[in-house]
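A look at the structure
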Amino acid sequence: MKDTPDPGPTFPIALPIQLAVNGKRHQLDLDPRASVLDTLRDRLGVMSVKKGCDHGQCGACTVLADGKRVLSCLCLAASYDGADILTAEGLGTVDQLHPMQQAFLDHDGFQCGYCTPGQICSAVGMLDELAQGMPSHVTPDVRKVAELNDAEIRERMSGNLCRCGAYVNIVSAIREVGQGQAASAALPMPVAREVTR
Amino acid sequence: MKPFDFQRAGTVSDALAQFAPGSAYLAGGTNLVDHLRAGIREVDGLVDISRLDLTEIAELPGGGLRVGALVKNSDMAAHPLLRERYPALAEAILAGASGQIRNMATTGGNLLQRTRCVYFYDPATPCNKREPGSGCSAIGGFGKYNALFGASEHCVTVHPSDMCVALALLDAVVVAESEAGGRRIPFADFHRLPGDTPHLDTNLRPGELITAVELPAVPVAAQSTYRKARERTSYAFALVSVAAALRTEGENVAEVRLACGGVAHRPWRAHRAEAYLTGKPATAEHFRAAIEAELEEAQSGTENAFKVPLLRNMVVSVLEELRDGRTPQRRAEQGGAA
Amino acid sequence: MTTDPKTASVGQDRVRIDGPLKVTGTAPYAFEQPTENPAYLFPLTSTITRGKIRAIDASAARALSGVLEVLTHENAPKLLAKTDTELYILQSRDVHYFGENIGAVVAETQEIARHAASLVRVEYDTEQEDTRFRPEHPERYNPGKINTGIPADSKQGNVEQGLAEAAVTVDEVYATPYEHHNPMEMHSVIAEWDRERLDGVLGVLGERPHLRIHDASQGVSYERLMLLPLLGLLPQQVEISSPYVGGAFGSKGIPHAQVMLTVLAARLMPGRAVKYMLSRQQMFRSVGHRLTTHQRFRLGAAADGTLTAITHDVQQSSSRLKQFAEQTVNATRHLYAAPHRETSTRMVPLDIGPATFMRAPGEFPGMFAQETAMDELAVKLGLDPIELRLRNKPDTDPESGKPHSSHHLGECLKEGARLFGWEKRQAQPRARQEGEWLCGMGVAAATYPRQMTPPTKASVAFREGKYHVGIAAADLGTGAWTVLTQIAADALKVPEEDVVLHIGHTDLPLAFLAGGSTGTYNWGSAVMVAAVNFRDRYGLTPAEGDEAEGSAFFPDEAKKYMLDAYGAHFAEVKVSTVTGEVHVTRLLGVYDPGRIINPRTANSQFIGGMTMGISAALHEESYLDSRPGYGHVVNSDFAGYHIAANADVPDVQARWIEHPDPMFGPTGAKGIGEIGIVGVPAAIGNAIYNATGKRLRELPFTPAKLVE
């Protein structure tokens, strides 16, 4: 602990940042310290992304940024200027659920629901990675193309912790969607709809 | 988190010019943002290098690859040539972190990953790495992750990266730029042992920017693998990890490379074991004798004593696997049920 | 519960009512409740373990742009009655444990609040501290009574005689570590103070303060009851809402210091909502934990396996600030018959934060010891561990002599053995190896008692063609939203679509919290009684606005019986001979849970408990660094404190044998929130023994303990 704390710059720093969130564009003046996660929740009121640790250790804050699953707690908004962010409510709404959301509902792939939006975004991004042929830690031969199976799903979803213990149902839900996708060829990434708040 | 200035760099030379004492380069942010928020580190400014044009994986003459510093870990592990030529490297990357983090983390950033020692992360406790001169809490404290090799009275922690263990195996070269010009740093000279300066993880100079990692042609690496032991099946740092490459001729070891993770302040290339084994029969007895030769240097306390048999078993097992071509079987077992 | 099978909702598979909101991320948890222009709180926490605050210099923090207030003991509003030592904060300079809340910064944004808190300088006068748990602690004491009000010690017969008569004995020490609940939603509070106008017959009488709280709470009614005497307020002055809770597992059962901290900070800025969500590190400091235990367990048995003696002597940690005396010995008193039996509980007082309920407090650590000891006994006797348990199944409750209201442990064990393929198990350890993996199977019994529940009420009101059912219950992920709707629909004899459930608010009828696996039978009973009262009063064609209340009912006759749920857990593991890594390849639970209201949500409750059991067996340990100057848990994040990840849980299945038990109340349900975790670590440890021949008596079962 230093004796005389250095408060840092005293001037308020505000960076002009543009984010598209669930299809809606936002122009914001942001503190460079602000994460994408806090920007979504505290500034834009988009609560369909959750804070579970704020340290990149739980996956609750998973969003799709320009189509890839990332941890929004470790994304500084300033660095994501111009990005397209998709959260669970951008994938589907209560009246029109995304197939992954429907599968989580059908398989009871959650209990408290707090890790769920991150699980669902992660599952969507993960199936896309698998469709692209990306290997994983449990792909037997890393030189070959990975198959969709339960072991692959479990490994690839291990970055999303669920304390209620819904894992086996989460795997069932993703397996169903993944098999459906494989059957109907590669589905394009879902397109965000305009969300009016 | 102290307020800081934020600048985005468009080119490498911009980035070097924008860097000032007290600044840090921001790439994937998976380590740095965490440190800033946890109060482990303060900066006056960030230079965002995430949009620099360093995202190519290119072939080098002679069979090597040049990996741009901003290639995401997931893209690196998925690259067909990299998987073919350096399976241990792809496996190591895939053994680390989670899918989301690998989508964010970069090659250059992974080289600069800092320790996961619990005291480093706890600003209420002494830690020479976080606050030089304050002391080392891990000595006599939470010690199961502590190093076996090369520790000092000032720091006993280990390097957390999986990828770097494989890069040590491959004798990769780190390419860095600074205003004074570029340089190429052999991997063995990149990370440091703690000594009395544990706050320095690497020999990178202030303001120096990693632009690429070069993977030389290493034919033996086509038969290489990475194994990681951890307390949770996935998404956990290594207790011990082993990267190995092996080529036999007849019954004997013609060429062997061995690197270990979770055992030292830097990725630990097991040169003694390699020297012992070269030319010897490729048997479990000799594999064991080889790692015993390496372990002569090891020092352990009560909390991390298990790492000695763990490392020994893993080295023997991985070399046997490479000898017998059984790596895919083990990897399948790791992910499957009984 | 009488239902028409054709129209009944109870017993039917129903998708969660709250599901669509949860899969879209739009169910509003505490921190997400809409507020106008909120301020953000970041706490000041003690960095010493015991002593007094000498001085606090907050000048740098106060000078920071965006900082609204710095709260310390110097300017904290005074609390009235010290009815709870954990909540009586900022009233003195005393520091009782590391990480205790000693103040807070409130600012315009989270970034500013957190940064400002780092600028506050606190000086302390430290006092001698003691955080080192050891069973022989000189100040260890007999708490007299332990949680649930039962005596700390028990004695029947003469155990020394029973052990002397035994052909085979087991005498071992088992240990369980500190654990932290770590629900995915970190504890969150929004507090706002307003003025409330009091109108009298002749006009405005005056004003009084009104406090509105959004909390992540397992029970708002009892939370309010706990806060009122400290704040010196009437019930009408405090309103708490908690419609959605992101997991709790006991940690949100009663309010902890963060609620009071936010309430006190908000008091300094009336009219402005103050929001606080703990950091993950703070989740390891001041919102409770599972205490650590040291348990000596002795068994004596005749050659045929009949138990002659059981003893269970427990030493467990305790906070000097507030005792929490877990009923670790409880299951030992009831599960198996033996003529000679003795149990004891001693508390080891330490300068640590208070422990609290964590999923199956008492039964979880106690059954780890008991069910591992039973396995050790079976090995010594050369008897199948299932057979050993069947031979010692009591005819009546061993302690009280009362008959059981229902007791199907034997069925669970037998049915589980059949489903699991127990006959394929080799009794001899290390008999099955596949590649580098040693494989084994293990079993453990489970029991969880009926807990007593304070008064609980529900209401039914008819409005706009719907039956609005109100009760201050909570859904932590348990399925309460759905099962209470099902129960109400049947009790009112209407389709579920005609029922609108309201939970999680203090304006609703008072309800006991979600804890002790009581939710379904306790709240369910209140809802059924309210529905019956409603129909009795208004018939089948109520008028707009008709309303009735009811209190949970339990039969007097139940006092004559011993009331418990039962189960059996079967684990299959593989253990690497290279690394000592353990994979639980299969886990099966078979339960005797009374009536199952909704098989879908029930299944999730069971497998959720079992998954947490795998997590506790393999991973969880809060490492309290007890050296002077440390005194706190140092692996305080998800990288240091592992909870099971998806890859750890390949195959977890639950089955149940449904025997509704009316002594548990009119729902016939016995409660299922906790029994899924009880005994799971023992089953896994017993499987590890079967696989490797190594007996592990301390949780968790890490590679360090198995590699050789």
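Residues numbered from 1 in each chain as written. Chains lettered and ligands numbered in written order. Predicted model: local features only at pLDDT ≥ 70, side-chain atom pairs only at ≥ 80, totals over all residues. Heavy atoms only, no water.

**Focus on the interface of chain B and chain C**
Note the following rule: A contact between two residues is defined here by any heavy atoms of the two lying within 4.5 Å. Once two parts are brought into contact, the accessible area they lose, counted with a 1.4 Å probe and summed over both, makes up the buried area. The salt bridge definition used is simple: a Lys or Arg side-chain nitrogen within 4 Å of an Asp or Glu carboxyl oxygen. N or O atoms within 3.5 Å of each other form a polar contact, as long as, within protein, one can give a hydrogen and the other can take it, and as long as residues adjacent in sequence are counted only when both atoms are side-chain atoms. For the purposes of this entry, the term helix denotes a DSSP run of H or I that reaches at least four residues, the term strand denotes a run of E that reaches at least two, and both are numbered from the N terminus. Side-chain classes are defined by residue name, with Ala, Val, Leu, Ile, Met, Phe, Trp, Tyr, Cys and Pro counting as nonpolar, Asp, Glu, Lys and Arg as charged, and the others, Gly among them, as polar.
Every contact between the two is made by 43 residues of chain B and, on the other side, 41 residues of chain C. Contact between chain B and chain C buries roughly 3,300 Å² in total, counting both sides, with carbon and sulfur atoms accounting for 55%. Put simply, Arg227(B) and Glu436(C) hold a salt bridge, and the shortest N to O gap is 2.7 Å. Linking chain B with chain C are 17 residue pairs in polar contact (both at pLDDT 80 or more). Elements that contribute at least two residues to the side of chain B that touches chain C include exactly helix 2 (32–38), strand 9 (224–229), helix 11 (307–324) and helix 12 (327–335) of chain B. With five residues, the single largest contributor to the side of chain B that touches chain C is helix 11 of chain B. Split into classes, the residues belonging to the side of chain B that touches chain C amount to 21 nonpolar, ten polar and twelve charged.

**Points about the nonpolar core**
To keep it simple, the criterion reads: What we call a nonpolar core is a set of buried Ala, Val, Leu, Ile, Met, Phe, Trp, Tyr and Cys residues that are connected through their side-chain atoms within 4.5 Å. Three exposure classes are used, based on accessible area relative to the maximum for each residue type with a 1.4 Å probe and protein chains only: buried under 20%, partly exposed in between, and exposed over 50%.
Counting 255 residues, the largest nonpolar core has Ile174(A), Leu46(B), Ile471(C), Leu484(C) and Ile684(C) as its most contacted members. Setting aside residues no more than four positions away along its own chain, Ile174(A) makes contact with Met100(A), Phe104(A), Ala123(A), Met126(A), Leu127(A), Ile153(A) and Met157(A). Val71(B), Ile185(B), Ala221(B) and Ala245(B) belong to the second-largest nonpolar core, a separate cluster that totals 54 residues.

**Regarding the side chain of Arg208(C)**
One can find Arg208(C) in strand 12 (residues 203–215). When residues no more than four places from it in sequence are discounted, the contact partners of Arg208(C) are Asp194(C), Arg195(C), Glu196(C), Leu198(C), Leu234(C), Gln236(C) and Gln237(C).

**So, the packing of aromatic side chains**
We apply this condition: When two rings of Phe, Tyr or Trp (its six-membered ring) have centres within 6.5 Å they constitute a pair, described as stacked for plane angles under 30 degrees, edge-to-face for angles over 60, and tilted for the intermediate range. Two conditions define a charge sitting above a ring: the NZ of Lys or the CZ of Arg must be within 6 Å of the ring centre, and it must be within 35 degrees of the ring normal.
One pass over the full model with this rule turns up 25 aromatic pairs over all chains. With a centroid separation of 5.7 Å and an interplanar angle of 40 degrees, the aromatic rings of Phe420(C) and Phe570(C) are classed as tilted. Of this pair, Phe420(C) sits in helix 9 (residues 409–420) while Phe570(C) sits in strand 24 (residues 564–576), and the two are 150 residues apart along the sequence. Within the aromatic cluster, the residues linked to one another by ring pairs are Tyr114(A), Tyr29(C), Tyr244(C) and Trp481(C). Looking at Arg586(C), its charged tip hangs above the ring of Phe420(C), at a distance of 4.0 Å from the centre.

**Observations regarding the interface of chain C and chain A**
Of the residues lining the interface, 64 residues belong to chain C; the matching set on chain A comes to 58 residues. The largest per-residue losses of area from chain C upon contact with chain A belong to Val23(C), Met184(C) and Asn646(C), which jointly make up 17% of the total buried on that side. The closest approach of N and O atoms between Glu32(C) and Arg41(A), which form a salt bridge, is 2.8 Å. Linking chain C to chain A there are 27 residue pairs in polar contact (both at pLDDT 80 or more). Elements with a contribution of two residues or more to the side of chain C that touches chain A: helix 1 (19–23), helix 3 (110–119) and helix 12 (599–618) of chain C. Among the elements that make up the side of chain C that touches chain A, the one with the highest residue count is helix 12 of chain C (nine residues). Here the side of chain C that touches chain A is built from residues that sort into 32 nonpolar, 20 polar and twelve charged.

**Overview of the domain arrangement of chain A**
All names here are of chain A. To keep things clear, this is the line we draw: An automatic or database domain assignment supplies the residue ranges for each domain.
Domain assignment breaks chain A into domain 1 (15–89) and domain 2 (99–183). On a C-alpha basis, the centres of domain 1 and domain 2 stand 22 Å from each other. Taken together, the contacts link 16 residues of domain 1 with 15 residues of domain 2. Across the domain 1 to domain 2 interface the summed buried area is about 1,200 Å²; carbon plus sulfur atoms make up 54%. If you sort the residues of domain 1 by the area they bury against domain 2, Lys50, Arg69 and Ala88 come out on top, with a joint share of 45%. One can count one salt bridge joining domain 1 with domain 2. If you look at where domain 1 meets domain 2, you find nine residue pairs in polar contact (both at pLDDT 80 or more). When residues in the side of domain 1 that touches domain 2 are grouped by element, the largest group, three residues, is from strand 3 (residues 62–65). The class makeup of the residues in the side of domain 1 that touches domain 2 is six nonpolar, six polar and four charged.

**Things to note about the sheet that holds strand 24 of chain C**
Pairing between sheet strands relies on hydrogen bonds along the backbone, with the strands arranged either parallel or antiparallel. All names here are of chain C. Rules: When DSSP finds two or more bridges between two strands, those strands count as paired. Convention adopted: a line fitted to C-alpha atoms gives each axis, helices being fitted over their contacting stretch, and angles between N-to-C directions are expressed from 0 to 180 degrees.
Across the sheet, five strands lie side by side as 18-19-24-25-28; this open sheet has mixed pairing. With one partner strand each, in any of the chains shown, strand 18 (433–434) and strand 28 (652–656) form the two edges of the open sheet. Relative to strand 19 (residues 437–449), strand 18 runs antiparallel, the two sharing two bridges. Note on strand 19: the bridge partner recorded for Glu434 is Trp437. Contacting strand 19, strand 24, strand 25 (582–592) and strand 28, helix 9 runs over the sheet at an angle of about 30 degrees to strand 24.

**Here we look at the domain arrangement of chain B**
Structurally, chain B comprises domain 1 (5–48) and domain 2 (224–327). On a C-alpha basis, the centroid separation for the pair domain 1 of chain B and domain 2 of chain B is 37 Å.

**Here's the deal with the pattern of salt bridges**
Considering all chains together, one arrives at 85 salt bridges over all chains under this definition. Lys51(A) is paired through a salt bridge with Asp54(A); the nearest N and O atoms lie 3.5 Å apart. Across the pair, exposure class does not vary: Lys51(A) and Asp54(A) are buried alike. For Glu620(C), the salt bridge identified is with Arg163(A), shortest N-O distance 2.6 Å. Highlighted residues: Glu620(C) in the loop between helix 12 and strand 26 (624–625) and Arg163(A) in the loop between helix 5 (150–156) and helix 6 (167–183), drawn from two different chains. Judged by its relative accessible area of 1%, Glu620(C) falls in the buried class. Taken together, the shared-partner salt bridges connect Arg50(C), Lys52(C), Asp94(C), Glu127(C), Glu139(C), Arg320(C) and Asp351(C) into one network.

**Let's talk about helix 3 of chain C**
Side chains that are three or four residues apart share a direction in an α-helix, a result of its 3.6 residues per turn. Of all ten residues that make up helix 3 of chain C, eight are buried, and the element is covered over most of its length. Burial in helix 3 of chain C covers these residues: Glu111(C), Ile112(C), Ala113(C), Arg114(C), His115(C), Ala116(C), Ala117(C) and Leu119(C).

**Describing the side chain of Thr456(C)**
Residue and element names in this part refer to chain C. For Thr456, the location among the structural elements is in the loop between strand 19 and strand 20 (457–463). Classification of Thr456 by relative accessible area gives buried; the value is 3%. A polar contact of 3.2 Å, which involves the side chain of Thr456, links it to the backbone oxygen of Pro454. Apart from the residues within four sequence positions on either side, Thr456 is in contact with Ile471, Leu510, Ala511, Phe512, Asn522, Trp523, Ala526, Gly550, Ser551 and Ala552.

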